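Structural features, examined
Chain by chain, the residues run as shown.
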Amino acid sequence: HGTGLVGFVERTFTGAGASSETYAQGEALTIAIRGDYYLKAPAGTTPTAGYKVITTDATGAISFAASASTGETDTGWVVTEGGSAGDVIVISNHG
């Protein structure tokens, strides 16, 4: 077991409900590690094309920036089609 970001869990709506981020113990999850994915930009974020997809180490919250700050992790994903908070955007990782 290591630490660090492996990928993002693909939401397939098989968890505890369509709006839940909770999955039952033992439930199979699909982890996205490469490709292009649609993402609803979280409130309070500015998903600008070319920005990196950043996670906050303490909470796992997603944000977007030119680079990660202390307490954040650069996920290796990039915003390829930006928008505003609440918009459906595209993030990509082809590394």
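In case you missed it, the structure is sitting above this.
First, a word on scope: everything that follows refers to the structure included in this document.

1. Here we look at the overall build of the protein chain
Counting secondary structure elements, the protein chain contains 0 helices and 7 strands. Overall, the protein chain shows an N-to-C arrangement of helices and strands of β-β-β-β-β-β-β. Classification of the 95 residues of the protein chain by burial places 22% in the buried group. Restricting the contact set of the protein chain to residue pairs at least 6 apart, pairs at least 24 apart contribute 47%. Approximately 6200 Å² of the protein chain is accessible, and the part contributed by carbon and sulfur atoms is 52%.

2. A short note on the sheet that holds strand β6 (residues 72-81)
The strands that make up a sheet pair up through hydrogen bonds in the backbone, lying either parallel or antiparallel. Spatially, the 5 strands line up as an open sheet ordered β3-β7-β6-β4-β5, and their pairing is antiparallel. Two strands close off the open sheet at either side, each with one partner strand: β3 (35-40) and β5 (62-65). Looking at each pair of strands side by side, their axes are set apart by 45 degrees on average, direction ignored. As judged from the 4 bridges shared by strand β4 (residues 52-56) and β6, these two strands associate in the antiparallel manner.

3. Some points on the environment of Gly-35
Relative to the helices and strands, Gly-35 is located in strand β3. Along the backbone, Gly-35 and Asn-93 are 58 residues apart, and their C-alpha atoms lie at a distance of 5.3 Å. Non-local contacts of Gly-35, meaning those with residues more than four positions away in its chain, are made with Trp-77, Ile-91, Ser-92, Asn-93 and His-94.

4. What to know about the pattern of salt bridges
With the rule as written, the count across this model stands at 1 salt bridge. The residue Lys-52 makes a salt bridge to Asp-74 at a minimum N-O spacing of 3.2 Å. Of the two residues, Lys-52 sits in strand β4 while Asp-74 sits in strand β6, which places them 22 residues apart along the sequence.

5. Some points on the packing of aromatic side chains
Aromatic rings in a pair are described by how distant their centres are and how their planes are angled relative to each other. If you walk through the whole model with that rule in mind, you get 1 aromatic pair. Ring centres of Tyr-37 and Trp-77 lie 5.7 Å apart, and the angle between their planes is 65 degrees; on these two criteria the pair is classed as edge-to-face. A residue pair is termed long-range when its members are at least 10 positions apart, and Tyr-37 in strand β3 and Trp-77 in strand β6 qualify at 40 residues.

6. Some thoughts on the nonpolar core
The biggest cluster of nonpolar side chains holds 10 residues, and these are Phe-8, Ala-32, Leu-39, Ala-41, Val-53, Phe-64, Trp-77, Val-79, Ile-89 and Ile-91. Of all the secondary-structure elements, those providing two or more residues to this core are β6 and β7 (88-93).

Cut-offs applied
Once a new chain begins, its residue numbering starts again from 1 and follows that chain's sequence as written. Totals for whole chains, interfaces and linings use every residue, but because this is a predicted model, local features are given only for residues with pLDDT of at least 70 and side-chain atom pairs only at 80 or more, for both listing and counting. Neither water nor hydrogens contribute to the side-chain values; these are computed over all heavy atoms in the structure. Under the DSSP-based scheme used, a helix requires at least four consecutive residues in state H or I and a strand at least two consecutive residues in state E, with every element numbered from the N terminus. Exposure is judged per residue with a 1.4 Å probe applied to protein chains only, and the accessible area is read against the type maximum: over 50% gives exposed, under 20% gives buried, and values in between give partly exposed. The contact criterion used is simple: two residues touch if any of their non-hydrogen atoms lie within 4.5 Å. Each accessible area is a Shrake-Rupley estimate made with a 1.4 Å probe; only the visible protein chains count as cover when residues are assessed. A strand pair is defined by DSSP finding two or more bridges across the two strands. In this analysis, axes come from line fits to C-alpha atoms, helices being fitted only over the stretch in contact, and the angle between any two N-to-C directions falls in the range 0 to 180 degrees. Basic side-chain nitrogens of Lys or Arg form a salt bridge, by our definition, when they fall within 4 Å of a carboxyl oxygen of Asp or Glu. Any two of the Phe, Tyr and Trp rings considered here, Trp counted by its six-membered ring, make a pair once their centres fall within 6.5 Å; the pair's planes then place it as stacked at under 30 degrees, edge-to-face at over 60, or tilted in between. Residue types Ala, Val, Leu, Ile, Met, Phe, Trp, Tyr and Cys, when buried and joined through side-chain atoms within 4.5 Å, form a set referred to as a nonpolar core.

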